Amino acid sequence: MSDTLLFALEASLNGLTAGVMYALVALGFVLIFKASGIFNFAQGVMALFAALTLVGFQSGQIPFSHLINAMFGTRLHHFGWNMPTLLAIPATVLVMIALAILVERFILKHLVNQEPIILFMATIGLAYFLEGVGDIMWGAEVKALDVGLPKGMSSAVDEATFAWFGYGFYIDRLEVWAAGIAAVLVAVLTVFSQYTKQGRALRAVADDHQAALSVGISLRFIWVLTWSIAGIVALVAGIMWGSKSGVQFSLSLIALKALPVLILGGFTSIPGAIVGGLIIGVGEKLFDFFMNPIIGGATENWFAYMLALVFLLFRPQGLFGERIIERV
């Protein structure tokens, strides 16, 4: 096997694991869009907010300590204890569920039957609000996140080595774990959607809001449930990305990388989010590998968007999306 083929194969394997990281973010978008028809621009900030909250709980940091210190001249910072990760994660899940309840109560409830653009603008406002609240609650400095997952480093000793056909391939351990966790998460969501009463209600709302209301399904409950699940997915994405690159406010920009994934997979398909993420991950790695010597670097920054543009021109509903036909 030639060296070029080996390196291309290694790039593809790394692209698969990176694509899973993109798909984790895209899943949150799909869940909310399916249930309410809202493109949730705040999903990336929700991942940031969840990761900040988790780090704050782990370190025992006092929420809003920066604001309290500035207002009263105190020097509050920490409670003096560190919360174990096994307690910090459930506590963060409760915070994300509380956030879902607040979003439904103070935003969604007042925007029922409004135009999609109004709902979209509301999520933009929510994104900036959460980013500001996260800054005030936990501070703006970069934070290290450690939940006990192996982290990939530049050294081969710190990376997982996979022997294939007698050759060694180096793949980031954290991304391998992310792939496994994403697979479990998708399986759980699929089982929930297909075999539980709440999951069937969620699918009914996704198909037809008015018909679901007519048979007694509470739209407000479904919205809370959907945003809660999206918050948990955002927490998982925040853990993976935060463990990889630290919890910093640029983490919210991962939402932009999820957009091409959604365009490829379709805005209403959970499997599409996974497949789209894998296509983007592998595609950008291989494109960078083959084209970098010809046109220079940084191709990973724009390849996904060019591929999404091609899909918008020739298959705008994506690979798994539904083609909507309206009679006029």
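Residues numbered from 1 in each chain as written. Predicted model: local features only at pLDDT ≥ 70, side-chain atom pairs only at ≥ 80, totals over all residues. Heavy atoms only, no water.

S.K.: Describe the pattern of salt bridges, listing the residues and the values that go with them.
M.R.: Per the stated rule, a full pass over the model turns up two salt bridges. When the shortest N-O distance is used, the salt bridge between Arg-220 and Glu-104 registers 2.8 Å. In this pair, Arg-220 is assigned in helix α9 (residues 219-245) and Glu-104 in helix α4 (residues 85-106), connecting sequence segments 116 residues apart. Classification of Arg-220 as partly exposed rests on a relative accessible area of 38%. Taking the shortest distance from any N to any O, the salt bridge between Glu-141 and Lys-143 comes out at 3.6 Å. The class for Lys-143 is buried, based on a relative accessible area of 8%. (Salt bridge = Lys/Arg side-chain N within 4 Å of Asp/Glu carboxyl O. Helix = DSSP H or I, 4+ residues; strand = E, 2+ residues; numbered from the N terminus. Buried < 20%, exposed > 50% of the residue type's maximum accessible area, 1.4 Å probe, protein only.)

S.K.: Which residues make up the environment of Leu-278, and what values go with them?
M.R.: Relative to the assigned elements, Leu-278 resides in helix α11 (residues 270-295). The class for Leu-278 is partly exposed, based on a relative accessible area of 25%. Put simply, Leu-278 and Ser-12 are 266 residues apart on the chain and 9.7 Å apart in space, counted from C-alpha to C-alpha. If sequence neighbours within four positions are ignored, Leu-278 has contacts with Leu-16, Gly-19 and Val-20. (Contact = heavy atoms within 4.5 Å.)

S.K.: A description of the side chain of Thr-17 should follow, citing residues and the corresponding values.
M.R.: Locating Thr-17 in the fold gives a position in helix α1 (residues 3-36). Within the structure, the side chain of Thr-17 is placed 2.8 Å from the backbone oxygen of Asn-14, a separation counted as a polar contact. Contact partners of Thr-17, with chain neighbours within four places excluded, come to Ile-171, Glu-175 and Val-176. (Polar contact = N/O pair within 3.5 Å; in protein donor to acceptor, adjacent residues only side chain to side chain.)

S.K.: Please provide a residue-by-residue account of helix α2 (residues 43-59), values included.
M.R.: Between the first and last C-alpha of α2 there are 24 Å, a value that for 17 residues agrees with the 24 Å anticipated at 1.5 Å per step. Within α2, 16 of the 17 residues are buried, which leaves the element mostly enclosed by the surrounding structure. Backbone geometry just after α2 places Gly-60 at a positive phi near 70°. (Expected span 1.5 Å × (residues − 1).)

S.K.: Go over the packing of α2 against α9 with me, naming the residues and quoting the values.
M.R.: At a minimum axis separation of 7 Å, α2 and α9 run at an interaxial angle of 65°. Judged by the inter-axis angle, α2 sits roughly perpendicular to α9. For α2 against α9, the interelement crossing comes out right-handed. In contact with Gln-43, Met-46, Ala-47, Ala-50, Ala-51 and Leu-54 of α2, α9 contributes Trp-227, Ala-230, Gly-231, Ala-234, Leu-235, Gly-238 and Ile-239. (Axes fitted to C-alpha atoms, helices over the stretch in contact; angles between N-to-C directions. Parallel < 35°, antiparallel > 145°, perpendicular 65-115°, else oblique. Left-handed = near helix turned anticlockwise from the far one by under 90°.)

S.K.: Would you mind going over unusual backbone geometry in detail, with residue names and values included?
M.R.: Note: most peptide bonds trans; most residues except glycine with negative phi. Unusually for a residue other than glycine, Phe-64 sits at a positive phi of about 60°. One can find Phe-64 in the loop between α2 and α3 (65-72). With a relative accessible area of 35%, Phe-64 lands in the partly exposed category.

S.K.: Any chance you could break down the nonpolar core for me, citing the residues and the numbers?
M.R.: Counting residues in each nonpolar core, the largest one holds 88 residues, and the members touching the most others are Leu-27 and Trp-227. Looking at this core, the element that brings in the most residues is α9, giving 15 residues. The contacts of Trp-227, once residues within four sequence positions are left out, are Ile-32, Asn-40, Met-46, Ala-100, Val-103, Leu-108, Thr-123 and Leu-126. (Core = buried A, V, L, I, M, F, W, Y, C linked by side-chain atoms within 4.5 Å.)

S.K.: How would you summarise α9 if you had to cite specific residues and measurements?
M.R.: Counted at 1.5 Å a residue, the expected span for α9 with its 27 residues is 39 Å, and the 38 Å between its end C-alpha atoms agrees. For α9, the tally of buried residues reaches 22 of 27 residues, placing the bulk of the element in the interior. Following α9 by one or two positions, Gly-246 has its phi on the positive side, about 85°.

Note that every value here comes from positions in space, so none of it alone points to a role or purpose.
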